[in-house]
Structure formats: structure tokens, C-alpha cells
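# Fold and geometry: a report
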Amino acid sequence: MHRRYFPEDFIWGAATASYQIEGAYNEDGKGESIWDRFSHTPGKILNGDTGDVACDHYHRFREDVKLMKELGLDSYRFSISWPRVLPEGKGQVNEKGLDFYKQLVDQLLKAGIDPAITLYHWDLPQALQEKGGWANRDTAKYFVEYANLIFKELGDVVPLWITHNEPWVVSFPGHAFGEHAPGIKNYQTALQVAHNLLLSHGMAVQSFRQLGLPGKIGITLNLTPVYPFSDNEADQKACDLQDAFINRWFLDPIFEGSYPEELHQIYRKKVGEFIIKNDDLEIINQKIDFLGINYYLRLVVKHNPDYNIFGVETVKPEGREYTEMGWEVYPEGLYDLLIRLHKDYAPEALYITENGAAYQDQIDADGRVHDQKRIAYLKAHLKNAHRAIEAGVPVKGYYIWSLMDNFEWAFGYSKRFGLIYINYDNQQRILKDSAYWYRTIIAKNYIED
Ligand SMILES: CCOCCOc1ccc(-c2cn(C[C@@H]3NC[C@@H](O)[C@H]3O)nn2)cc1
């Protein structure tokens, strides 16, 4: 068997997000978030699930940190609920909410686990949504005020900071397709949201630098490599457009200070303008210390003039394996993506801030969860990350999505991504076989193929 050793300082982690695991949605002074509002709206979430209780992590965080330590994690990526610390989004601080995160960080440090904080993982204070939310440019200002509050409280002890998680998902499923909070279906609004999210990212990085904090700061993007259905010119063009829609619309402003021109023209013609002020792109184009990438799947596309404003139709290749999300298992796509990012954008460092799969997990007669498919998925993707590292791509760490089963947005609790199985009837935690497998990988620092 061939051993693929990872770099000595490679970071092995796992990730979660506040709305998906914390629960305590209205406890200890927390304000309402747009996901509280959205999940309480009938018909939005499968089975009427909400994040009201979730994994009850707000009350069980000490137990959960012990499990992270048992796995031997180097780092734990989690997000802060903005309305838990600023119930109205700005102004009055909720000290009990802030105290929860200070205790969580303290428990992590005592366990020898590096905290990695995502400042925004979709749970905007509802009070700010009432003022227009991310479509209102002022929200960028309020985001920086919120970020500064957290930087000042935790900036000395937290080594890794992520401004935003998946701004594409916030923008388009949230504001163009209506499938995520706040459930808006207006493409022009979605473009303004994307811009204001990027602007808030740049402003927060500037503030982080001005505070002279010791950690590293970056942003996490969901990046999806796109492949043409055939080698004809129309399909290749469809592929380039889909790549611009999902990937370059965020990569280009961050790394090059400009939007993809061809797609911008299509939007001007078919959607309308969005407001960009004079030095916005200069602010967005702040140097970042790393790029976080969330990789789950590839897309295969073909030209279809009747399909959408781009004339691009996604196809499902036959004979391939798919996860419970309907996402194709395509580990080679992670290698292709990492090589492309290194070549086209040359980020100083890369972290795989999410990679994982939902499968139908059940507790077997022996009381264990034998999630062999998830182990195979993770191993295949780690092999491709290792191939990219050997090709010179500066991948510094890998966070599995997710540490534990949790609220998977519009799918509620029906999709299980965790290394740890959650029995939602009694909040019991059960380490799946993949958790024990990951523990050995972390301990040995290599995979065998
Ligand atoms: C074209 C139409 O599209 C409609 C839906 O569009 C999407 C796309 C992608 C996602 C998606 C969900 N996840 C997993 C999460 N990543 C962050 C963490 O919170 C995980 O729960 N990644 N991507 C959702 C919706």
C-alpha cells in the first residue's frame, strides 16, 4: 500500500455553523435571525424542521469539545451567530451571547484545538433584514462593526478568521431562487447582495489589518469545477459561462479587482445594473492570507438556448455515483480545482474549509454507524488534495463538513453529513466509523491507497 504523507504542519479539522447546530434560538437575549424567520415560515423547510433546538450545542458545547479532543482535531471551524451577540445587528451587545463564544474558545484552547471562526454563515439579524438586509449597502458597515466587536474580544487567541461562508449561496439561492433565507426571488437584488457581501469582506479585512491582529484572515467560497458535456464550441462556451456564474464572479473581484466582463454584460442586458461605488473594487481586492474553498461536486453542462438566461443546462452523467444531496462524487474535481486556483489566482495559501458527503446513516444492531461510503468519499478527496500538494499547491489544511449531523438548510435534518451521528430524539452523540477512521488519519498524518 502506498502511503501519502501530508506536510508536518498540515491542519486536520472539522467544521460546523451556528444556525445548524446551536439551537437556543431565542435564549439568553439572542435576537431573531433571518433563518429563524425563514424556518418558521410554513413550506420553506422539509418536514417543517427548524433550528430552534438543532444539536443543542449551545448547552452541550463542553461535551462536544471533548469529542473533538477525542478525535484529535488540530482545529475546529465554527461560526458566530451575529444576532446572538448583537440582537438588533448593531448597537447594544448581548453579553450572555458573547460569553458563550468566549467560553467555547476557552474550552477549545484548553483542549489544544485551534479555533477557526467564520464571522458570517448566513444567519443575518432579522432586524437588519427589515432595513433591506444585504441588498442595503449599510449592512456592510454594520458587518464591520460586528466583526470589530469579535476581533477585539477574540482576536488575540484565534489564529484563523473567515469573513464570509459561500457568498454565492447567500446571494443566489437566498435572493434569486428564493430557496434560502430571506427567500427573495429577484436576480437584480441578488447581484447587489453579492456586491455588498464582497464589499463587507474587503472592509472587514482592512479593519483586521488596522487592528494589527496576529491571526490570518480570508474568505470561504463554494467553488465548483465545470466541465463541458461535449467538446463542441457551444458546450465549451456554456461551460465558461457557468464557471463565471459560480466561481469567477467572486474570485475575480477578490483576486483581480474586477468582475468577469462578459458575464457583467449579460447581466446588464438581461437583469439590470447593480450599484458599484468608485473605490469598491479596490476595497474588495484586499490582499488575503488564504482562500477557503468548499468543495462538494463538479458540474457538467451543455448549451441549451431555452434553459435559462445563460442558455446553460446542467446534466447528470450516467454511470456515476451520487450522494444523498444528488451531488456527483467526483474527487478528481478537487485536484482540477486546486490546480486551476493555483495557476489562475495564486492565493498565498488554501484551506479546504468544507468537504464531505450526506449518506443514509443508521445505527446498526451493534449500536455503531458503519458509514463506509463516507470513508471512501473522504479518502478519495484527500488523495486528490495530496496530489495537488505534491504538484506545488499550498493547501494548508482540511476541514470535514461536518463534525456532527445538523440542520442542512432547506433539507432540514433529513441530510446527515456528520462524523458524529446525532439522535435528535435524545441528543445522544454517536461517533460514526468515519470519526474513528479520521482519528487514525490525523494521528498518522497519511492516507494509504
Ligand atoms: C441552481 C439552483 O440552486 C439552488 C440551490 O443552490 C444551492 C447550491 C449549493 C448549496 C450548498 C449547500 N452546501 C452545504 C453547506 N455548505 C455550508 C454548510 O452550511 C453546509 O450545510 N454547500 N452548497 C445549497 C443550495
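Residues numbered from 1 in each chain as written. Predicted model: local features only at pLDDT ≥ 70, side-chain atom pairs only at ≥ 80, totals over all residues. Heavy atoms only, no water.

## Here we look at the pattern of salt bridges
In this structure the tally under the stated criterion is 32 salt bridges. For E354, the salt bridge is made with R77, and the minimal N-O distance between the two is 3.1 Å. Here E354, found in strand β11 (residues 350-355), pairs with R77, found in strand β3 (residues 75-79); they are 277 residues apart in sequence, far enough to count as distant. Take E354 and R77: they sit in the same class, and that class is buried. Here the salt bridges share partners, and the residues they tie into one network are D361, D371, R374, D405, R416 and K432. (Salt bridge = Lys/Arg side-chain N within 4 Å of Asp/Glu carboxyl O. Helix = DSSP H or I, 4+ residues; strand = E, 2+ residues; numbered from the N terminus. Buried < 20%, exposed > 50% of the residue type's maximum accessible area, 1.4 Å probe, protein only.)

## Focus on the sheet that holds strand β10 (residues 312-315)
Read from one edge to the other, the open sheet built from 3 strands follows the order β7-β9-β10, with strand pairing classed as mixed. Each edge of the sheet is formed by a strand with only one pairing partner; in this case those strands are β7 (226-228) and β10. Taken over all neighbouring pairs, the strand axes of this sheet differ in orientation by 45° on average, direction set aside. Relative to strand β9 (residues 299-303), β7 runs parallel, the two being bridged by 3 bridges. Following the sheet pairing, P228 is matched in β9 by V301. (Pairing = 2+ DSSP bridges. Axes fitted to C-alpha atoms, helices over the stretch in contact; angles between N-to-C directions.)

## Looking at the site of the ligand
Close to the ligand lie 15 residues; Q20, H121, E354, E408 and W409 are nearest. Note that an oxygen atom of the ligand is positioned 2.9 Å from one of the side-chain N or O atoms of H121. Within the side chain of W409, a nitrogen or oxygen atom sits 2.9 Å from an oxygen atom of the ligand. Contact with the protein chains removes 77% of the 580 Å² of surface that the ligand exposes when unbound. (Near = heavy atom within 4 Å. Polar contact = N/O pair within 3.5 Å; in protein donor to acceptor, adjacent residues only side chain to side chain. Areas by Shrake-Rupley, 256 points an atom, 1.4 Å probe, with all protein chains shown as cover.)

## As for the pairing of β9
The pairing of β9 with β10 spans 4 bridges and is antiparallel. Counted as the bridge partner of H303 is V312 from β10.

## Some words on the environment of N47
With respect to the secondary-structure elements, N47 resides in the loop between α2 (34-39) and α3 (57-71). Overall, the relative accessible area of 63% leaves N47 in the exposed class. Along the primary structure N47 and A194 are separated by 147 residues, whereas in three dimensions their C-alpha atoms are 30 Å apart.

## Points about the UniProt feature "binding site: substrate" (unreviewed entry) in the chain
The positions UniProt marks with the feature "binding site: substrate" (unreviewed entry) are Q20, H121, N165, Y296, W401, E408 and W409. As for its placement among the helices and strands, Y296 is situated in the loop between β8 (290-294) and β9. Here Y296 falls in the buried class, since its relative accessible area comes to 8%. Once you skip the residues sitting within four places of it in the chain, Y296 turns out to touch E166, W327, E328, E354, N355, G356, Y377, W401 and F417. A polar side-chain atom of Y296 sits 2.4 Å from a polar atom in the side chain of E354. Within the secondary structure, W409 is located in the loop between β12 (395-401) and β13 (420-423). In this structure W409 touches Y19, Q20, W35, I45, H121, W122 and H180, once residues within four positions along its chain are discounted. (UniProt positions renumbered as here; feature names shortened; annotations may be inferred. Contact = heavy atoms within 4.5 Å.)

## Things to note about the nonpolar core
In terms of nonpolar packing, the biggest core is built from 155 residues, with W35, W82, I150, W161 and I293 touching the most fellow members. Here W161 is in contact with I117, L119, I150, F151, L154, G155, F208, K216, I217, G218 and F290, once residues within four sequence places are set aside. (Core = buried A, V, L, I, M, F, W, Y, C linked by side-chain atoms within 4.5 Å.)

## Quick look at the sheet that holds β3
The 8 strands lie next to each other as β2-β3-β4-β5-β6-β8-β11-β12, forming a closed barrel whose pairing is parallel. Adjacent strand axes in the sheet meet at a mean angle of 25° when their direction is disregarded. Pairing of strand β4 (residues 114-120) with strand β5 (residues 160-165), which is carried by 4 bridges, proceeds in the parallel orientation. Residue pairing across strands places A116 opposite L160, the latter belonging to β5. Sitting on the sheet, helix α8 (residues 167-175) touches β4, β5 and β6 (216-222), and the angle it makes with β6 is about 40°.

## Let's talk about unusual backbone geometry
Omega for the bond connecting A181 with P182 falls within 30 degrees of zero, at 5°, which places this linkage in the cis form. As for its position among the elements, P182 is in the loop between α8 and α9 (187-210). Although it is not a glycine, D28 adopts a positive phi angle of roughly 50°. According to the relative accessible area criterion, D28 is partly exposed, its value standing at 31%. At E166, a position not held by glycine, the phi torsion is positive, near 50°. Summarising the element assignment, E166 is placed in the loop between β5 and α8. According to the relative accessible area criterion, E166 is buried, its value standing at 7%.

## Focus on the environment of D235
The topology assignment puts D235 in helix α10 (residues 233-256). Each residue touching D235, except ones within four places of it in the same chain, is listed here: P228, F229, S230, V301, K302 and H303.

## As for α8
In an α-helix, one turn spans 3.6 residues; hence positions three or four apart end up facing the same way. For α8, the buried fraction is high: 9 of the 9 residues fall into the buried class. Looking only at α8, the buried set comprises P167, W168, V169, V170, S171, F172, P173, G174 and H175.

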